[in-house]
Structures are given as C-alpha cells and as structure tokens.
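Coordinate analysis (summary)
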Amino acid sequence: MLLQVYASPSRRKMDTKGEGEEMTYPHICFMVDNFDEVFCDIVVRDGEMVCVELVARGRGCAAQAVIFLGSIRYDILTRVYDSRVDLVLALLTTVCDKNVHQHEN
C-alpha cells in the first residue's frame, strides 16, 4: 500500500479523536488522517505485526531514502482496540442512563 503523507511540527493523539494538537517541534510527525479507511482491509492475526516504512523523496522523485521503519505487534493492536471498545461502551451506558433518568422525571 502506498500513501502520501506530509511532515508536521505537531500531532494528535490516536486514541482520542477531536482532541487538540500537541506541538512536537523540533520533532516532526507524519499524520494519516483517514487512518480507518486506509487500514480497514488489513488483517492481523496473533503472532503477526503491522510494519510501516516511511520513504522521503527529493524534488522530482529522483532521490529517496527510508527515514523510518517500524512495526507494531498484534497484541498491542488488540489492547488499543479493546480499550477503545470499553470506552465506547462506557460512554453509551452513560448516555443511556441519562436518557432513562430524564424520561423518569
């Protein structure tokens, strides 16, 4: 899969959407804004990992170099996913409880 990204002197947390940006300068970040769409077809199983390679290209795409190569294991991905599901369920329970109390009054 090939995706073009751009450098930024700030970042947003991956575990919460809509939160403010954090300045990271002099460190640079590369955001994938449509993360869910880009990675929705990837299937990762126990014992596997997702690998990412970030390649920088010069003007005219003549020169290029790998500037980042990283990976994340399946168990870490599932831990993040499970914590998101727990958070969504907790929010839904809170909203449902508020609705029930409003209708009772």
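Owing to the predicted nature of the structure, the values given are computational and were not obtained by experimental measurement.

**Details of the overall build of the chain**
Within the chain one finds 2 helices and 6 strands. Taking all 105 residues of the chain together, the buried fraction comes to 9%. For the chain, the share of sequence-separated contacts (at least 6 apart) that also reach a separation of at least 24 residues comes to 29%. Surface summary for the chain: the accessible area is close to 9300 Å², and the carbon and sulfur share equals 56%.

**Considering unusual backbone geometry**
Across the chain, the bulk of peptide bonds are trans and the bulk of non-glycine residues have phi less than zero. Following Y25, the chain continues to P26 via a peptide bond in cis, the omega torsion being 15°. Among the structural elements, P26 can be located in the loop between β3 (22-23) and β4 (29-30).

**Description of the environment of A65**
You can see A65 is positioned in strand β6 (residues 64-73). Distance in space between the C-alpha atoms of A65 and V55 is 5.5 Å, their sequence separation being 10 residues. If we skip the residues at most four places from it in the chain, A65 touches L54, V55 and A56.

**So, the confidence of the model for the chain**
For the chain, mean pLDDT is 77; residues scoring 70 or higher make up 82% of the total. By mean pLDDT, helix α2 (residues 74-104) is the weakest element of the chain at 72, and β6 is the strongest at 86.

**Re the environment of L54**
The topology assignment puts L54 in strand β5 (residues 49-57). For L54, a relative accessible area of 16% corresponds to the buried category. Residues L54 and G70, spaced 16 residues apart in sequence, show a C-alpha to C-alpha distance of 8.8 Å.

**Topic: the pattern of salt bridges**
Scanning the model with the defined rule gives 4 salt bridges in all. For the salt bridge of D75 with R79, the shortest nitrogen-to-oxygen distance reads 3.9 Å. Residue D75 and its partner R79 are located together in helix α2, separated by 4 residues, close to a single helical turn. D75 sits in the partly exposed class, given a relative accessible area of 32%. Under the relative-accessibility criterion, R79 is labelled exposed at 54%. A network of salt bridges, in which partner residues are shared, links R73, D75 and R79.

How each quantity is defined
- The numbering scheme is per chain: residues are counted from 1 as the chain's sequence reads.
- It should be noted that, the model being predicted, local features are given only for residues of pLDDT at least 70 and side-chain atom pairs only at 80 or more, the latter also being counted only at that level, while totals for whole chains, interfaces and linings use all residues.
- Water and hydrogen atoms were dropped before computing side-chain values, which therefore reflect all heavy atoms in the structure.
- Think of it this way: any DSSP run of H or I at least four residues long counts as a helix, any run of E at least two long counts as a strand, and we number them from the N terminus.
- Residue burial is assigned from relative accessible area. The probe radius is 1.4 Å, only protein chains are included, and a residue is buried under 20% of its type maximum, exposed over 50%, and partly exposed in between.
- Every residue pair with non-hydrogen atoms within 4.5 Å of one another is taken to be in contact.
- All accessibility values rest on the Shrake-Rupley procedure with a 1.4 Å probe; residue burial counts only the protein chains present in the view.
- As a per-residue measure, pLDDT reflects the predictor's confidence and takes values from 0 up to 100.
- Whenever a carboxyl oxygen of Asp or Glu lies within 4 Å of a side-chain nitrogen of Lys or Arg, that contact is scored as a salt bridge.

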